[in-house]
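# Structural overview for review
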Amino acid sequence: MHESVFPFYLRPRTPFLFDTKIVEIIIICMITAATFIIILPGIRGKLRTFWIVKVLTSLFIGTVILSVNFTCDWEVGSITVTTVYKSFSHTMVNASIGLWVGLRGLNITLTGDPIHQFNETINYNERFSWETRIQYDTDYQEGLERGLPNPILYVAEKFISISPCRLHQQYCASSYYASALMWCAFCAWILSNVLFCVPVPLYGIYMMFATAVCIIFSLISFATVRQVPICNIHFGTSILRTRFGFSFWISFATGLVCLFISITLLTVHIKSPAFLRHLFSGRDNEEVCPKSENEEGGAVIDNETVTMMTQL
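Please read all numbers here as calculations on a predicted model, not as lab measurements. (Residues numbered from 1 in each chain as written. Predicted model: local features only at pLDDT ≥ 70, side-chain atom pairs only at ≥ 80, totals over all residues. Heavy atoms only, no water.)

### Focus on the UniProt feature "transmembrane region" (unreviewed entry) in the chain
Rules: UniProt positions are given in the numbering used here, feature names are shortened, and annotations may be inferred rather than shown by experiment. Secondary structure elements are taken from DSSP: a helix is a run of H or I of four residues or more, a strand is a run of E of two residues or more, and numbering for both begins at the N terminus.
Listed under "transmembrane region" (unreviewed entry) in the UniProt record, and renumbered for this structure, are residues 22–43, 50–68, 88–106, 176–196, 202–225 and 246–270. A helix fraction of 0% and a strand fraction of 63% characterise residues 88–106, whose end C-alpha atoms lie 26 Å from each other. Secondary structure content for residues 202–225 is 92% helix and 0% strand, and the end C-alpha separation is 36 Å.

### Some points on the packing of helix α3 (residues 47–67) against helix α6 (residues 167–197)
Where we set the bar: Only the stretch in contact is used when fitting a helix axis, every axis being a line fitted to C-alpha atoms; angles between N-to-C directions are given from 0 to 180 degrees. In what follows, roughly perpendicular refers to angles from 65 to 115 degrees, roughly parallel to angles under 35, roughly antiparallel to angles over 145, and oblique to any angle outside these ranges. Crossing handedness is read from the near helix: turned anticlockwise from the far helix by less than a right angle, it gives a left-handed crossing, and turned clockwise, a right-handed one. We call two residues in contact whenever any of their non-hydrogen atoms come within 4.5 Å of each other. Here the nonpolar group is Ala, Val, Leu, Ile, Met, Phe, Trp, Tyr, Cys and Pro; Asp, Glu, Lys and Arg are the charged ones; every other residue, Gly included, is treated as polar.
Between α3 and α6, whose axes approach to 9 Å, the crossing angle comes to 160 degrees. Here α6 runs roughly antiparallel to α3, going by the angle between their axes. In the packing of α3 onto α6, the handedness of the crossing is left-handed. Residues K54, S58, I61, G62, I65 and L66 of α3 form the contact with α6, whose participating residues are M182, W183, A185, F186, W189, N193 and F196. Class assignment of the residues belonging to the contact of α3 with α6 gives a composition of 9 nonpolar, 3 polar and 1 charged.

### Re a nonpolar patch on the surface
Stated formally: The patch calculation keeps residues exceeding 30% relative accessible area without a salt bridge and links them within 9 Å when they carry like charges or within 5 Å when they are nonpolar (Val, Leu, Ile, Met, Phe, Trp, Tyr). Only the protein chains shown count as cover for residues, with accessible areas throughout obtained via the Shrake-Rupley method and a probe of 1.4 Å. A carboxyl oxygen of Asp or Glu within 4 Å of a side-chain nitrogen of Lys or Arg is what we treat as a salt bridge.
Together, Y203, Y206, L266 and I270 line one region of the surface with nonpolar side chains, adding up to about 430 Å² of accessible area. Looking at the nonpolar patch, the elements that each hand over two or more residues are α7 (201–223) and α8 (246–271).

### Observations concerning the state of the cysteines
Let me state the cut-off plainly: Note on terminology: pairs of cysteine sulfur atoms within 2.5 Å are recorded as disulfides. Think of it in three bands: with a 1.4 Å probe and only protein chains considered, a residue is buried below 20% of the maximum accessible area for its type, exposed above 50%, and partly exposed in between.
The tally for this structure, following the rule as stated, stands at 1 disulfide. Disulfide partner of C165: C231, at an S-S distance of 2.2 Å. Residues C165 and C231 share a disulfide whose torsion about the S-S bond is about -105 degrees; that sign makes it left-handed. Here C165, found in the loop between α5 (150–157) and α6, pairs with C231, found in the loop between α7 and β5 (233–235); they are 66 residues apart in sequence, far enough to count as distant. A relative accessible area of 10% means that C165 is categorised as buried.

### So, the pattern of salt bridges
By the definition in use, this model includes 2 salt bridges. With a shortest N-O distance of 3.1 Å, R104 and E131 are connected by a salt bridge. Taken together, the residues R104 in the loop between β2 (92–101) and β3 (105–117) and E131 in the loop between β4 (120–129) and α4 (135–146) connect sequence positions 27 residues apart. Between E126 and R146 there is a salt bridge, and its shortest N-O distance comes to 2.9 Å. In this pair, E126 is assigned in strand β4 and R146 in helix α4, connecting sequence segments 20 residues apart. A relative accessible area of 4% places E126 in the buried class. With a relative accessible area of 13%, R146 lands in the buried category.

Here it is, written out as structure tokens:
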């Protein structure tokens with residue numbers, strides 16, 4: 001009786017959207033931001049506001065670049081249809097089918113409307129990964145062996161390597177280069193922070209610009225898959241259509257922020273390089289001016305001493 005009620009899911013379900021890796025990244029960045037806010041009162045002068053804005057902006061950029069490599073909502077789509085529930089059966093079910101595409105694979109969801117139908121809970125979430133060449137086909141074969149619902153297998157079949165739609169080759173290639181460019185953007189972001197702290201602001205600006213370029217080219221690489229002919233996923237007369245998701249647009253916004261910051265700082269460097277060095281030096285005018293006055297006072301005393309010795 002137990003096996004007849006629960007025919008699927010011999011292993012735990014796949015985490016969706018906010019898996020443990022994304023949560024860990026967000027928690028680490030929040031702890032880092034809280035640490036800088038705690039030590040903020042120790043920064044004296046007018047540069048306090050500049051430093052907190054700089055730190056929070058940099059943490060936001062790094063968090064986005066690192067997180068979107070593991071999210072599953074670069075491209076999303078959903079449709080509500082009445083379709084066959086299981087293979088070799090005429091049982092129809094009213095459900096919502098969702099497709100969530102990321103850089104490491106895709107998720108296919110099936111949610112009943114209502115969720116409880118035919119004495120079962122229709123709320124599925126299946127992960128199919130393409131991190132390696134044969135990983136997707138392996139996950140699809142395991143889904144067949146476990147007897148997944150027919151709508152999930154039908155959508156997943158469109159992306160297998162031997163499918164005439166060739167979606168597997170298109171998405172794997174675009175996701176591979178998009179992920180590689182995102183990791184390059186993360187490395188450039190780290191170098192920009194190091195160079196800003198040295199401080200070598202000009203080279204830090206160059207690396208911030210490189211970060212923006214890598215993000216933008218990553219988005220272009222992923223978006224190219226939509227410019228090629230794609231097989232439609234039909235459910236009766238309805239078609240499951242996709243659109244760019246939250247991860248794509250927040251990456252796009254982050255790339256624009258990096259581009260704006262680099263162009264702004266470069267303009268400031270061209271017009272007033274001393275002011276830019278002053279911003280990243282960590283010293284305020286209130287700390288520098290008294291030192292200059294003391295040096296001038298010491299120079300005056302030395303001149304008076306030399307004059308007196310000459311007269312003697």
